[in-house]
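Read off the chains here:
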Amino acid sequence: MNSAVKSPLWTAAEAAAATGGRPSGTWSASGVSIDSRSLQPGDLFVALQGPNFDGHDFVAAALRNGAAAAVASRVPEDVPAGAPLLLVADTTDALRALGQAARGRSAARFAAVTGSVGKTGTKEALKLALEAQAPTFASSGNLNNHWGVPLSLARMPRDVAYGVFELGMNHAGEIGPLSRLVRPEVALITTVEAVHLEFFPSVEAIADAKAEIFEGMTPDGVAVLNRDNPQFDRLATKARDRGISRILAFGRHEEADARLIDCSAHPTHSAVTAEILGRRVVYDLAMPGLHWAVNSLGALAAAAAMGGEIDAAAAAMARLTPLKGRGRRERVVLPGGPIELIDESYNASPVAVRAAIQVLGQAQPGVGGRRIAVLGDMLELGAEAERLHADLAPDLRAARVDLVFTAGRLMAALHEALPASQRASHATDSAGLRDDLLAAVRPGDVVLVKGSLGSRMSPLVEALRALGRPESDHATPRHAANGT
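Now for a description of the structure that goes with this document. (Residues numbered from 1 in each chain as written. Predicted model: local features only at pLDDT ≥ 70, side-chain atom pairs only at ≥ 80, totals over all residues. Heavy atoms only, no water.)

### Some words on empty space enclosed by the protein
- Taken as a whole and judged by the stated rule, the model has two cavities of 30 Å³ or more.
- When its volume is computed, the largest cavity comes out at roughly 70 Å³.
- Taken together, M287, P288, H291, W292, G327, R329, I342, E344, A356, V359, L360 and L448 make up the full set of residues lining the largest cavity.
- By residue number, the principal contributor to the lining of the largest cavity is helix α11 (residues 350-362), which donates three residues.
- Of the residues assigned to the lining of the largest cavity, the class counts are eight nonpolar, two polar and two charged.
- One number sums up the size of the second largest cavity: a volume of about 40 Å³.
- Lining the second largest cavity are G118, G121, T122, A125, L285, W292, N295, S296 and L320.
- Mapped onto the lining of the second largest cavity, the elements with two or more residues apiece are α4 (119-131) and α9 (290-305).
- Residue composition of the lining of the second largest cavity, by class: four nonpolar, five polar and no charged. (1 Å grid on protein atoms, 1.4 Å probe; cavity = no way out; pocket = protein on both sides within 12 Å on 5 of 7 lines; lining within 4 Å. Points joined across faces, edges and corners; volume = space filled by probe spheres on them. Helix = DSSP H or I, 4+ residues; strand = E, 2+ residues; numbered from the N terminus. Nonpolar A, V, L, I, M, F, W, Y, C, P; charged D, E, K, R; others polar.)

This is the structure in structure tokens:
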């Protein structure tokens, strides 16, 4: 029997040294949490203050639920005297300091992932590729903003070989500070697309904001970029301007270092043939869709840049599974037979919706079944939003989608652009679609649900699940919603 005792993640003395805080009591923590509802016994609870909440209101509950201690800027009235605390001037600054200290004490190699779409899935693919070879830690879900990134760093075990972190943004100037915190040796940008146009004057401006990921890198770092993307040259120039000379390109382009040779798409997976850094690699990708195949090449190129072995990394792609709301597929058994549900309800942009429609087109309905798309508004697209919605009509026709349900003011433009044969119901919001959608589905159907998070399409996913007994291929993981 191994009697070794695992070192705590944080001791009171270490946390105090990192934050400049004043500890009360002697304690050690095995994790870090900012949410008293999901806190695990032994976690260090950080009482953050936001525009609509104050974590100090939940310190007492966190301690009752087994928190090792709480980081606070004041002692709440309902917290008993002598409770284990770490008093700091500002809890947000303290969380960042914990993340910075965790980064500083780690001997791991670090990678950061960003991009307009595909960040979280690519981050998960890179994690799989690396953990097949050595202990690896990756940020959970899409903890990718000014709270999520330092929280993820603060949670990182002491003894991992690789750390993989997702960096997100809605506005310029947000990724740079996150990159300087993570200090990645490898930076992967999945793609740059017309997302968040409400906050940017052009796609080029979005590319510049994504290029902030290079700000935390040293010249010996590696940039991994999508060679097929029109912004490739701009991003490569930005990397070189930071002194980064090694750039690995991925995609279908003949000059890509990780080049897609063939992708045989099947309803539930893809068979991929690629050439990665001069080596021909054939692997099974447990996700259908060309976009997943291209992003997997980016993950494999990044894994190689991190020092990973390519064959082992490629073999791991067979275990890649989507997170909830990002392409998860499941069978829901109705009295007369199953339907297949594709849950893409977490987020949406023109390029992401087109990719999801393509996947729906590759799906094979059962006997008597149809392809059904249930689409909610794509948000933050600015002045061209209605046109960008209407422009999806040709993709739906090309994918042989039988019925299209639409929800939201912007999706009304798509509803009008569709031929009458494809139009199902349109409603001002997702709740207004519920009854018509549930009445329409029948055994054999394949149903795609997609929309921006603010469109609230996930209740329709839950309503479809409630029609019968879901037979999910994969257990649903917990993940948090932060920036994009």
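So, next bit.
### Digging into the sheet that holds strand β4 (residues 31-33)
- The strand order across the open sheet built from five strands is β2-β7-β6-β5-β4, with neighbouring strands paired in mixed fashion. Two strands lie at the open edges of the sheet, namely β2 (22-24) and β4, each paired on one side alone. With direction set aside, neighbouring strand axes in the sheet form an average angle of 20 degrees.
- The sheet contact formed by strand β5 (residues 43-46) and strand β6 (residues 69-72) spans three bridges and is parallel. Considered in β6, the bridge of F45 is made with A70. (Pairing = 2+ DSSP bridges. Axes fitted to C-alpha atoms, helices over the stretch in contact; angles between N-to-C directions.)

### With respect to the packing of aromatic side chains
- By the definition in use, this model includes three aromatic pairs.
- Aromatic pair F53 and W147: ring centres 5.8 Å apart, planes at 70 degrees, arrangement edge-to-face. Here the residue F53 occupies a position in the loop between β5 and α2 (59-64), and W147 occupies one in the loop between β9 (136-138) and α5 (148-155), the gap between them amounting to 94 residues.
- Ring geometry for F137 versus F165: centroids 6.0 Å apart, planes at 50 degrees, classification tilted. Within this pair, whereas F137 is found in strand β9, its partner F165 is found in strand β10 (residues 162-166), the two being separated by 28 residues in sequence. An identical accessibility class is assigned to F137 and F165; each is buried.
- Its end group placed over the ring of F110, R103 keeps NZ or CZ at 3.8 Å from the ring centre. (Phe/Tyr/Trp six-rings, centres within 6.5 Å; stacked < 30°, edge-to-face > 60°. Buried < 20%, exposed > 50% of the residue type's maximum accessible area, 1.4 Å probe, protein only. Lys NZ or Arg CZ within 6 Å of the ring centre and 35° of its normal.)

### Thoughts on the packing of helix α1 (residues 12-19) against helix α3 (residues 91-105)
- The geometry of α1 relative to α3 is characterised by a closest axis approach of 8 Å and an angle of 110 degrees between their N-to-C directions. In terms of axis orientation, α1 runs roughly perpendicular to α3. Contacts between α1 and α3 involve E14, A15, A18 and T19 on the former and, on the latter, A94, A97, L98, A101 and R105. (Parallel < 35°, antiparallel > 145°, perpendicular 65-115°, else oblique. Contact = heavy atoms within 4.5 Å.)

### Observations concerning unusual backbone geometry
- One non-glycine residue with positive phi stands out, namely E380, at about 65 degrees.
- Relative to the helices and strands, E380 is located in the loop between β19 (371-376) and α12 (385-390).
- Residue R456 is not a glycine yet carries a positive backbone phi of 55 degrees.
- Note on placement: R456 falls in the loop between β22 (446-450) and α16 (458-465).

### Some remarks on the nonpolar core
- If you look at the biggest cluster of nonpolar residues, it comprises 44 residues, and the most contacted ones within it are L126, V224, Y283, L285 and M317.
- The element that contributes the greatest number of residues to this core is α9, accounting for eleven residues.
- Aside from chain neighbours lying at most four places away, what touches L285 is H269, S270, V272, W292, A293, S296, M317 and L320. (Core = buried A, V, L, I, M, F, W, Y, C linked by side-chain atoms within 4.5 Å.)

### A look at α5
- Taken across its eight residues, α5 has seven buried, putting it largely inside the fold.
- Restricting attention to buried positions, one finds in α5 the residues G148, V149, P150, L151, S152, L153 and A154.

### What about the environment of G148?
- Examined against the element boundaries, G148 turns out to sit in helix α5.
- For G148, a relative accessible area of 1% translates into the label buried.
- G148 sits 30 residues away from L178 along the chain, and the two C-alpha atoms are 9.8 Å apart.

### Some words on the side chain of S425
- Within the element layout of this structure, S425 appears in strand β21 (residues 423-427).
- In this structure the side chain of S425 is engaged in a polar contact, spanning 2.7 Å, whose partner is the side chain of D436.
- Apart from residues lying up to four places away in sequence, S425 is in contact with V404, F405, T406, H415, L433 and D436. (Polar contact = N/O pair within 3.5 Å; in protein donor to acceptor, adjacent residues only side chain to side chain.)

### Comments concerning the packing of helix α7 (residues 203-210) against helix α8 (residues 232-241)
- The geometry of α7 relative to α8 is characterised by a closest axis approach of 10 Å and an angle of 35 degrees between their N-to-C directions. Here α7 runs over α8; the crossing is right-handed. On α8, the residues touching E204, A207 and D208 of α7 are R234, L235 and K238. (Left-handed = near helix turned anticlockwise from the far one by under 90°.)

### Regarding the side chain of H415
- Within the secondary structure, H415 is located in helix α14 (residues 411-417).
- In this structure H415 comes out as buried when scored by relative accessible area, which is 13%.
- Setting aside residues no more than four positions away along its own chain, H415 makes contact with T406, R423, A424, S425 and H426.

### Comments concerning the pairing of β19
- With six of its six residues buried, β19 lies for the most part within the structure.
- Taken together, the five bridges between β19 and β22 define a ladder with parallel strand orientation. Each residue of the ladder has a partner; that of R371, found in β22, is V446.
- Across five bridges, the pairing between β19 and strand β20 (residues 403-407) is parallel. For A373, the partnering residue across the bridge sits in β20 and is V404.

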